[in-house]
Amino acid sequence: MRTGNTNWAGNHVYHASETIEPESVEELQERVSRTLKLKALGTRHCFNDIADTDAAHVSLASLNRILELDRDKMTVTIEGGVRYGHLCRFLHERGYALANLASLPHISVAGAIATATHGSGVNNGNLATSVEKLDLVAANGTLYHFSRYKNANTLPGVIVNLGALGVVAKITLSIEQSYQVRQDLYTDLPLSQIDRYLDAILSSAYSVSLFTDWTQDSFHQIWLKTRLDQNPHFAPPSKLYGATLASGKKHPLPNHDPVNCTEQLGQPGPWHERLPHFRLDYTPSSGEELQSEYYVPRQYASDAVEQLFTLRERIAPHVFVSEIRAIRSDSLWLSPCYQQDCVAIHFTWKPKWSEVAQLLPAIESKLEPFQAIPHWGKLSTMPAKQIAERYERFGDFRTIRGQLDPTDKFQNPFLKRLFA
């Protein structure tokens, strides 16, 4: 995992002239108000230039406190620099949980919600859907408080914010009672099963992931994560739509040691040690890689997958693995799942951008009939204007941005392309 002036995968070099690391919200307000240009920097897990700037970076690494656990309202309030791994341990030790997690517990909460990052599950929204309140430092240094109850019409527009509205100082998330999860793996799902059964497969557990390396017309693994409070007597069948129950632990990337993966083979464990794919104390995924991801409406998912498999021989030489997951619809303006259930098709690429850059237009062309939208923090070649046009509330977001950042203090090349 890289550090210094690059993102975690090492594929993007940041151009910031300095890094500001305030130790209090008041200091954050003061530094934002008197700095001409700046950009918030999270845990560096984006693969494009969404967090880049040639001005000042604001790191929230020191604003990493968990501020309040409200057992009556079932919420937890944290500062903007808190990572999921830290928050999960805090909640679990006290008997509480989050409803969903991404594949990696290493990422920051603020960064994840700003880019609509997600976990998996036909009944689970992306991570941003758990936000109840959000405190944001705007361009003039003012601390704005947005609440689901007091600002019901505005909060959905500022949660997935792309870092365009200000710097997130505090977040309040909904929580629930802690629960146990078991994780079971299946191998070798024939592609022929996707046309008829993809929706059923994605609905077969609380969280489901399908993996393929594109070398065959198949998915080499299915990961089922089952909540035992909802399904206490679950017993995995020996066969699942043609796939076979795995008898040994697996890494989603072929020929990788599963030691850094969360526990498998049906062994029950705490929610935060099963919902992610990778353990907090190990390097996630490959470590040196590129990533792309595209969302398509769930009703088109099987057709979209079959179209991509026509490119199998072109994709296979350049990819480590791909993952397919379902995400429930939401009301967040810049969420790809705004008012539509989606399936996300993810690519973990080998670290050769020139080859990937030539391949992405072909993938995007295959997905064009299904109105695909790329993940905000990952690599695509789709024109920014085309992306913006696919968000029904983009104009409303532009209006809020004009109010909170009238001088383009938080603009960077990524946002300049998007708002051109």
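Everything below is about the structure printed above this text.
Reading the values: rules and limits
Residues numbered from 1 in each chain as written. Predicted model: local features only at pLDDT ≥ 70, side-chain atom pairs only at ≥ 80, totals over all residues. Heavy atoms only, no water. Helix = DSSP H or I, 4+ residues; strand = E, 2+ residues; numbered from the N terminus. Rg over C-alpha atoms; globule rule 2.2 N^0.38 Å. Buried < 20%, exposed > 50% of the residue type's maximum accessible area, 1.4 Å probe, protein only. Contact = heavy atoms within 4.5 Å. Areas by Shrake-Rupley, 256 points an atom, 1.4 Å probe, with all protein chains shown as cover. Lys, Arg positive; Asp, Glu negative; His and termini not counted. Charge placed at Lys NZ, Arg CZ, Asp CG, Glu CD. Axes fitted to C-alpha atoms, helices over the stretch in contact; angles between N-to-C directions. Parallel < 35°, antiparallel > 145°, perpendicular 65-115°, else oblique. Left-handed = near helix turned anticlockwise from the far one by under 90°. Nonpolar A, V, L, I, M, F, W, Y, C, P; charged D, E, K, R; others polar. Pairing = 2+ DSSP bridges. Salt bridge = Lys/Arg side-chain N within 4 Å of Asp/Glu carboxyl O.

A. Fine view of the overall build of the chain. Summing up its helical and strand segments, the chain has 11 helices and 20 strands in all. Taking 420 residues into account, the globule formula puts the C-alpha radius of gyration at 22 Å, and the chain, at 21 Å, falls close to it. For the chain, buried positions account for 59% of its 420 residues. Nonlocal contacts in the chain, meaning residues at least 24 apart in sequence, comprise 72% of its contacts between residues at least 6 apart. Counting only carbon and sulfur atoms, one obtains 46% of the accessible surface of the chain, whose full area is about 16,700 Å². Seen as two clouds, the 42 positive and the 45 negative side-chain charges of the chain have centres 1 Å apart.

B. Representation of the packing of helix H5 (residues 194–202) against helix H6 (residues 301–309). Between H5 and H6, the shortest axis-to-axis distance is 9 Å and the interhelical angle comes to 125°. Judged by the inter-axis angle, H5 sits oblique to H6. The hand of the H5/H6 crossing is right-handed. Within the contact between the two elements, H5 uses Ile194, Asp195 and Leu198 and H6 uses Ala301, Ser302, Asp303, Val305 and Glu306. Of the residues contributing to the contact of H5 with H6, the split by class is four nonpolar, one polar and three charged.

C. View of the sheet that holds strand S4 (residues 66–70). Pairing within the open sheet is antiparallel, and its five strands lie in the order S4-S5-S9-S7-S8. Taken across any chain shown, the strands that pair with only one partner, and hence form the sheet edges, are S4 and strand S8 (143–147). When the angles between neighbouring strand axes are averaged without regard to direction, this sheet yields 10°. Its contacts with the sheet place helix H1 (residues 25–34) against strand S7 (131–137), S8 and strand S9 (167–174), and it is angled at close to 140° to S9.

D. The pattern of salt bridges, seen in detail. According to the stated counting rule, one finds 19 salt bridges in the structure shown. Arg34 is paired through a salt bridge with Glu30; the nearest N and O atoms lie 2.3 Å apart. One end of the pair is Arg34 and the other is Glu30, both in helix H1 and four residues apart, which spans about a single turn. The class for Glu30 is partly exposed, based on a relative accessible area of 36%. If you follow the salt bridges from partner to partner, you end up with Glu293, Glu323, Arg325 and Lys378 in one network.

The values are spatial; any link to function lies outside them.
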